[in-house]
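Here is how the chains run, residue by residue.
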Amino acid sequence: MNILAVSDIKSPYYWDFFEKRKMKDIDLILSCGDLDPEYLSLLATFSKGPVLYVHGNHDSKYKMHPPEGCICIENQIYIHEGLRILGLGGSMRYHSGEHQYTEKEMRNRVRRMKLKIMWNRGFDILLTHAPALNLGDGDDLPHQGFQIFRSLLDTYQPQYFVHGHMHLNYEAESKRILNYGRTKIINAYEKYLFEYETGHFL
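These figures come from a predicted structure and were not determined experimentally.

Scoring rules and cut-offs
Residues numbered from 1 in each chain as written. Predicted model: local features only at pLDDT ≥ 70, side-chain atom pairs only at ≥ 80, totals over all residues. Heavy atoms only, no water. Buried < 20%, exposed > 50% of the residue type's maximum accessible area, 1.4 Å probe, protein only. Helix = DSSP H or I, 4+ residues; strand = E, 2+ residues; numbered from the N terminus. Arc of directions from axis to C-beta. Contact = heavy atoms within 4.5 Å. Axes fitted to C-alpha atoms, helices over the stretch in contact; angles between N-to-C directions. Nonpolar A, V, L, I, M, F, W, Y, C, P; charged D, E, K, R; others polar. Pairing = 2+ DSSP bridges. Disulfide = S-S within 2.5 Å. Core = buried A, V, L, I, M, F, W, Y, C linked by side-chain atoms within 4.5 Å. Salt bridge = Lys/Arg side-chain N within 4 Å of Asp/Glu carboxyl O.

Undergrad: What should I look at first to understand helix H2 (residues 103-112) in this one?
TA: Each turn of an α-helix holds 3.6 residues, which means side chains three or four residues apart point in the same direction. By the burial criterion, the buried members of H2 are Met106, Arg109 and Val110. Angularly, the buried residues of H2 cover 95° about the axis, an arc narrow enough to put them on a single face. For H2, the exposed residues lying more than 90 degrees away from the buried face are Lys104, Arg111 and Arg112. Of the surrounding secondary structure, the elements contacted by the buried residues of H2 are strand E6 (83-88), strand E8 (100-101), helix H3 (114-119) and helix H4 (147-156).

Have a look at this one:
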């Protein structure tokens, strides 16, 4: 299964120089937030698989103009061809804007999902906007990661953790890929295409 992860900025490859053929081998699209709804709608129009998204901290416009043809998976486990995807959008709270959470508030979101996670025997991909604490996050409060995300990785060991929020040009040592236990962490800034091996699912 070929999965396209996108986040934070529109990729010129798909927006400025779009060609339908570029989408033909993509089976699933995951958006980590902070993208214009028109961009996601374009991807959904030509994608053969679903476009799943969580909110970034700059996605208040989605309330009035949600991306057409796309599926919000906030606080859900969405199953696509056996692949279990847990969605938790938003960033660390740094002012009164939407889609921002304190560590305690994010922890409460996860607590309310505990039965769903247990019912589905865990999840294969954790899809978020913010990173996990000390795993590719920043030093300032707006870009600080959540400890509860790290706890989810420790407990359920999903194959992938896909997030956005951290632009790769923020810091010289920013990395696209990190490995944490059995989990591969992907910073989806702009775009990243990866393959999920079919048959891995529980």
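Undergrad: Looking at this structure, how should I read the packing of H2 against H4?
TA: For any two helices packed against each other, one specifies the inter-axial angle together with the distance between the axes. The geometry of H2 relative to H4 is characterised by a closest axis approach of 8 Å and an angle of 35° between their N-to-C directions. Here Glu103, Met106, Arg107 and Val110 of H2 come into contact with H4, specifically with Gln147, Ile148, Phe149 and Leu152. Looking at the contact of H2 with H4 residue by residue, the class counts come to five nonpolar, one polar and two charged.

Undergrad: Would you explain the sheet that holds strand E1 (residues 2-7) in this entry?
TA: Backbone-to-backbone hydrogen bonds pair the strands of a sheet. The strands run either parallel or antiparallel. Spatially, the five strands line up as an open sheet ordered E4-E3-E2-E1-E13, and their pairing is mixed. Every interior strand has two partners, whereas the edge strands, strand E4 (71-72) and strand E13 (190-195), have only one. Pairing analysis gives six bridges linking E1 to E13, with the strands arranged antiparallel. Considered in E13, the bridge of Leu4 is made with Leu193.

Undergrad: What is the right way to look at the state of the cysteines in this model?
TA: Disulfide: a covalent bond connecting the sulfur atoms of a pair of cysteines. Applying the stated criterion to the full structure yields zero disulfides. Summary of cysteine pairing: Cys32 is not part of a disulfide, and the nearest cysteine sulfur, belonging to Cys72, is at 13 Å. The cysteine Cys70 is free of any disulfide, with Cys72 supplying the nearest cysteine sulfur at 10 Å. Under the relative-accessibility criterion, Cys70 is labelled buried at 15%.

Undergrad: Help me understand the sheet that holds strand E9 (residues 125-128), please; the structure alone is not making it clear to me.
TA: With respect to topology, six strands assemble into an open sheet ordered E5-E6-E9-E10-E12-E11, the strand pairing being mixed. Every interior strand has two partners, whereas the edge strands, strand E5 (76-80) and strand E11 (177-180), have only one. Shown here is a sheet whose adjacent strand axes are inclined to one another by a mean of 20°, direction ignored. Note: E11 against strand E12 (residues 183-187), four bridges, orientation antiparallel. Within the sheet, the bridge partner assigned to Tyr180 lies in E12 and is Thr183.

Undergrad: Sorry if this is basic, but what is going on with the nonpolar core here?
TA: Looking at soluble globular proteins, one finds that nonpolar side chains tend to be buried together. With 22 residues, the main nonpolar core has Leu86, Leu88, Leu126, Phe146, Phe149 and Leu152 as its most contacted residues. Ranked by the residues each element gives to this core, the list is headed by H4, at four residues. For Leu152, the contacting residues outside a window of four places in its chain are Leu86, Leu88, Val110, Ile117, Phe123, Leu126, Gln157 and Pro158.

Undergrad: Can you walk me through the pattern of salt bridges in this structure?
TA: Pairs can form between side chains of opposite charge once their charged atoms are near each other. A full pass over the atoms with the stated rule returns ten salt bridges. Here Lys48 ties to Asp27 by a salt bridge, and the two come within 3.3 Å at their closest N and O atoms. On the criterion of sequence distance, the pair formed by Lys48 in the loop between helix H1 (37-46) and strand E3 (51-53) and Asp27 in the loop between E1 and strand E2 (28-31) is long-range, its members being 21 residues apart. In this structure Lys48 comes out as exposed when scored by relative accessible area, which is 56%. Judged by relative accessible area, Asp27 falls into the partly exposed class, the value being 23%. Residue Glu74 pairs with Arg109 through a salt bridge whose shortest N-O separation is 2.7 Å. Taken together, the residues span a long stretch of sequence, with Glu74 in the loop between E4 and E5 and Arg109 in helix H2 at a distance of 35 residues. Summarising the burial analysis for this pair, Glu74 and Arg109 share the class buried. If you follow the salt bridges from partner to partner, you end up with Lys10, Asp36 and Lys61 in one network.

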